[in-house]
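# Observations on the model geometry
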Amino acid sequence: MGECHIRQVLIVCLTLFSMILWPLNVAADQNDERLDTLFSALKHVESDDVATDLEHQILAVLRESDSATVELLMARAGAADGAGQELAALDFYNAVTALAPDYVEGWSRRAALYFRFEDYGHAMTDLQRTLTLEPRHFPSILALGHT
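Residues numbered from 1 in each chain as written. Predicted model: local features only at pLDDT ≥ 70, side-chain atom pairs only at ≥ 80, totals over all residues. Heavy atoms only, no water.

## Quick look at the pattern of salt bridges
Put simply, the rule is: One speaks of a salt bridge when a side-chain nitrogen belonging to Lys or Arg is within 4 Å of a carboxyl oxygen belonging to Asp or Glu. In this description a helix means any DSSP run of H or I spanning at least four residues, a strand means any run of E spanning at least two, and both kinds are numbered starting from the N terminus.
Overall, the coordinates contain 8 salt bridges when judged by the stated rule. Between Glu-64 and Arg-34 there is a salt bridge, with the nearest N and O atoms lying 2.5 Å from each other. A residue pair is termed long-range when its members are at least 10 positions apart, and Glu-64 in the loop between helix H3 (48–63) and helix H4 (68–82) and Arg-34 in helix H2 (residues 33–43) qualify at 30 residues. The partner of Asp-126 in a salt bridge is Arg-110, and the shortest N-O contact between them spans 2.6 Å. Highlighted residues: Asp-126 in helix H7 (residues 120–133) and Arg-110 in helix H6 (residues 104–116), separated in sequence by 16 residues.

Right, here's the structure in full:
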């Protein structure tokens, strides 16, 4: 059995485990009260350092998930992507978006990967989903500006 096939079997097993035995409770990031506070503070900053700090805080909130499975899949996707295994990363991001369709960061990261594949149709679809869930998702807005 090849490494890619083993990885796909693992993803299917994790997906089934999550759906059947482990109720998925992913944070609805776009409804997190901290985001409104952080974005409001961002409007009134007078320092680049403070703005950068607020940006990092916002991105941290958007990355949060209440699901250990989603956290694992996102970590595996990032590791695979970092190792140059983009197709494996795509498999992990596909699992994330299937398991947690309201998790903003899954859509955003998959869109970025699609852009690198030059698959602009899928990238735009994922960006649209990201911005539907969180219209203030500035990395996605920036990505749209580059298209």
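## Digging into the nonpolar core
For clarity, the threshold we go by: Nonpolar core, defined: a set of buried Ala, Val, Leu, Ile, Met, Phe, Trp, Tyr and Cys residues in which side-chain atoms within 4.5 Å join the residues together. For the exposure calls, accessible area comes from a 1.4 Å probe over protein chains only, and a residue counts as buried if that area is under 20% of its type's maximum, exposed if over 50%, partly exposed in between.
Among the nonpolar cores identified, the biggest contains 22 residues, and Val-70, Leu-73, Met-74, Tyr-93, Val-96 and Tyr-103 are the most heavily contacted of them. Elements represented by at least two residues in this core include exactly H4, helix H5 (86–99), H6 and H7. Ranked by the residues each element gives to this core, the list is headed by H5, at 8 residues. Membership of the second largest hydrophobic core comes to 8 residues, among which are Leu-35, Leu-38, Phe-39 and Leu-54.

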